[in-house]
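# Observations on chain architecture
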Amino acid sequence: MIEIKTREMLVALEAELAQQGLLSLQPPSAEALASTAPFACDLMPFEQWLQFIFLPKLHYLLDEQLPLPSKIAVAPMAQHVWGEDAKHQHLIRILMDLDALLSQPD
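Now for a quick tour of the structure. Predicted, not measured: the structure shown is a model, and the values here were computed from it. (Residues numbered from 1 in each chain as written. Predicted model: local features only at pLDDT ≥ 70, side-chain atom pairs only at ≥ 80, totals over all residues. Heavy atoms only, no water.)

### A short note on the nonpolar core
Side chains of a nonpolar character, in soluble globular proteins, are inclined to be buried together. Among the nonpolar cores identified, the biggest contains 31 residues, and F46, L50 and F54 are the most heavily contacted of them. No other element matches helix α3 (residues 46–63), which puts eight residues into this core. (Core = buried A, V, L, I, M, F, W, Y, C linked by side-chain atoms within 4.5 Å. Buried < 20%, exposed > 50% of the residue type's maximum accessible area, 1.4 Å probe, protein only. Helix = DSSP H or I, 4+ residues; strand = E, 2+ residues; numbered from the N terminus.)

### Describing the side chain of E16
Counting through the fold element by element, E16 comes out in helix α1 (residues 2–19). Buried and unpaired, E16 has no salt bridge, with K87 as the nearest side chain of opposite charge at 9.7 Å. There is a polar contact of 2.6 Å between the side chain of E16 and the side chain of Q20. Apart from the residues lying within four places of it in its own chain, the contact partners of E16 are H90, L91 and I94. (Lys, Arg positive; Asp, Glu negative; His and termini not counted. Salt bridge = Lys/Arg side-chain N within 4 Å of Asp/Glu carboxyl O. Polar contact = N/O pair within 3.5 Å; in protein donor to acceptor, adjacent residues only side chain to side chain. Contact = heavy atoms within 4.5 Å.)

### Quick notes on the environment of E31
The topology assignment puts E31 in helix α2 (residues 30–33). For the pair formed by E31 and D99, sequence separation is 68 residues and the distance between their alpha carbons is 27 Å.

### A short note on the packing of aromatic side chains
The tally for this structure, following the rule as stated, stands at five aromatic pairs. Seen from their ring centres, F39 and F46 are 5.8 Å apart, and the 75 degrees between their planes marks the pair as edge-to-face. Each of the two residues, F39 as well as F46, counts as buried. Between W49 and F54 the ring centres are 5.3 Å apart and the planes differ by 25 degrees, which places this aromatic pair in the stacked class. (Phe/Tyr/Trp six-rings, centres within 6.5 Å; stacked < 30°, edge-to-face > 60°.)

It is worth stressing that arrangement in space is one thing and function is another; only the former is reported here.
Following this line, the structure appears as structure tokens:
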């Protein structure tokens, strides 16, 4: 079931962010959270977007049994931000797997 696998991958993503010390204790400003730029890249680092926008949104969709996105491409941004850093390759792999899971044809 795609919902179960998605939830597992979100938990793995958050755990990996924590393990790498990328989770923030302080949330971004209301202005940053309201950014309309892709990945809110104009006002927050990518890891904050994952923590404060991406993860909560997908958990909300799962909790409310709402449709999940059918096509996502988060991994390319992760590759752009972290691609040169070997320690972030597992994070990128998780996002690639999540992109593939949610972009499968019905």
